[in-house]
Amino acid sequence: MNQVAYRIIDTGSSFSFPDTHAFLQVAQADGASRVYLGANAGLRYQREQADAQAAPFVAIELDTECLGVHTGEEDDGQAGNVVGFARFRLGEGEPTPLVELVRKPFTRPQTLQAARQAFEAAGLVVAVCNDFPGRILNRLVRPFYNAALRRLDEGLASAEDMDTTLRLGLGYPEGPISLLRRTGLHHHYRVTQALYQMLGQEAYAPARQARVAWLRQNAETDDARAQ
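All of the points below concern the structure found in this document. Here the residue numbering is sequential within each chain, running from 1 through the sequence in written order. Selection of residues for local features in this predicted model requires a pLDDT of at least 70, selection of side-chain atom pairs for listing and counting requires 80 or more, and totals for whole chains, interfaces and linings are taken over all residues. Computation of side-chain values covers all heavy atoms of the structure but excludes hydrogens and water.

A few points about the packing of aromatic side chains
Stated formally: We call Phe, Tyr and Trp rings a pair once their centres come within 6.5 Å, taking the six-membered ring for Trp, and we label the pair stacked below 30 degrees between planes, edge-to-face above 60, and tilted otherwise. Throughout, exposure labels follow a simple rule: accessible area from a 1.4 Å probe, protein chains only, divided by the maximum for the residue type, with under 20% read as buried, over 50% as exposed, and the rest as partly exposed. Comment: the charge-over-ring label is applied if NZ (Lys) or CZ (Arg) is within 6 Å of the ring centre and within 35 degrees of the ring normal.
For the structure on display, the rule yields 9 aromatic pairs. Arranged with centres 5.5 Å apart and planes meeting at 45°, the rings of Phe 144 and Tyr 145 form a pair that is tilted. Under the relative-accessibility criterion, Phe 144 is labelled partly exposed at 30%. The exposure class assigned to Tyr 145 is buried, which follows from its relative accessible area of 10%. Through pairs of rings, three or more aromatic residues link up here, namely Tyr 6, Phe 17, Phe 23, Phe 57, Phe 85 and Phe 119. When the ring centre of Phe 15 is taken as reference, the NZ or CZ atom of Arg 89 above it lies at 4.7 Å.

Concerning unusual backbone geometry
Put simply, the rule reads: Working definition: helices are DSSP H or I runs of at least four residues, strands are E runs of at least two. Numbering for both runs from the N terminus.
Positive phi values are uncommon outside glycine, yet Arg 135 reaches one of about 60°. Along the chain, the position of Arg 135 falls in the loop between strand E6 (125–130) and helix H5 (137–154). On the basis of relative accessible area, Arg 135 is assigned to the buried category, the value being 8%.

Brief notes about the pairing of strand E4 (residues 82–87)
Stated formally: Any two strands with at least two DSSP bridges between them are considered paired.
When you tally the buried positions in E4, you get 6 out of 6 residues, the bulk of the element. Burial along E4 is two-sided: the residues Val 82, Gly 84 and Ala 86 and Val 83, Phe 85 and Arg 87 are all buried. Note: strand E3 (residues 58–61) against E4, 4 bridges, orientation parallel. The partner of Ala 59 across the bridge, within E4, is Val 83. Summarising the sheet, E4 and strand E5 (residues 98–103) pair through 4 bridges and their orientation is antiparallel. Paired with Ala 86 across the bridge in E5 is Glu 100.

Structural notes on the pairing of strand E2 (residues 33–37)
Within a regular strand, the side chains alternate between the two sheet faces. The condition that has to hold: Here is how to tell: hold the view so the strands point away, follow the path from the first strand over the helix to the second, and if it runs clockwise the crossover is right-handed.
Burial analysis of E2 places 5 of its 5 residues in the buried class, which makes it a mostly covered element. Burial along E2 is two-sided: Ser 33, Val 35 and Leu 37 and Arg 34 and Tyr 36, pointing in opposite directions, are all buried. Summarising the sheet, strand E1 (residues 6–10) and E2 pair through 5 bridges and their orientation is parallel. Directly across from Arg 7, in E2, lies its bridge partner Arg 34. By the bridge criterion, 3 bridges tie E2 to E3 in an arrangement that is parallel. Of the residues in E3, the one forming a bridge with Arg 34 is Val 58. With helix H2 (residues 41–52) bridging E2 and its parallel neighbour E3, the resulting β-α-β unit is right-handed.

Notes on helix H7 (residues 176–183)
Heads up, the condition is: Each C-beta atom gives one direction from the helix axis, and the arc is the one those directions make. Only heavy atoms enter the contact rule, under which two residues are in contact if any of them lie within 4.5 Å.
Within H7 the residues assigned to the buried category are Pro 176, Ile 177, Leu 179, Leu 180 and Thr 183. Angularly, the buried residues of H7 cover 165° about the axis, an arc narrow enough to put them on a single face. Where H7 is buried, its residues contact H5, helix H6 (159–170) and helix H8 (185–199).

Given below as structure tokens:
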């Protein structure tokens, strides 16, 4: 299958692509497919949905929300060419090569294939998932991070000893406490709180340290705005 030409529709700061990347560089201004990028990607797509129906594929950057927020949950014949996507990135860390590509039950197979090919041609690795809040990685790792933070709250061991145990015992390159502190505990709070609200499962309820970090971050932001 030949590469499908796509264009980038920039709607604001992108969590998936904060810096230049091959995926952005090979986009064409007149590309037939559309990639909605940034904080308002879904809203922009909804305004342009009628015009986007003829595109080989439409890809909407997601945060923690479901793709159905933007396409609707029922197959009305208008969104079979739409997928969602998110390039996994933990807080303020560098984005990883992993792109989670989200499909609805009515997503056309050729749409999924065209979108996958576009991301993979830029050197990214694609994992396909169905439309659930948080997709694959956040659903799997956030309860683990919460559990580690709660054991720290309980005084099971120091952060250093917990991280050392997990690094040496399980072969992790970096312990979870160090990783979350380095990439921003307040980011972990934002994601887990959103998943907790959407799923109602206790495993996603943000741990105390993450909640404190979120409150401190907001207080610092408010103080900076007031000055």
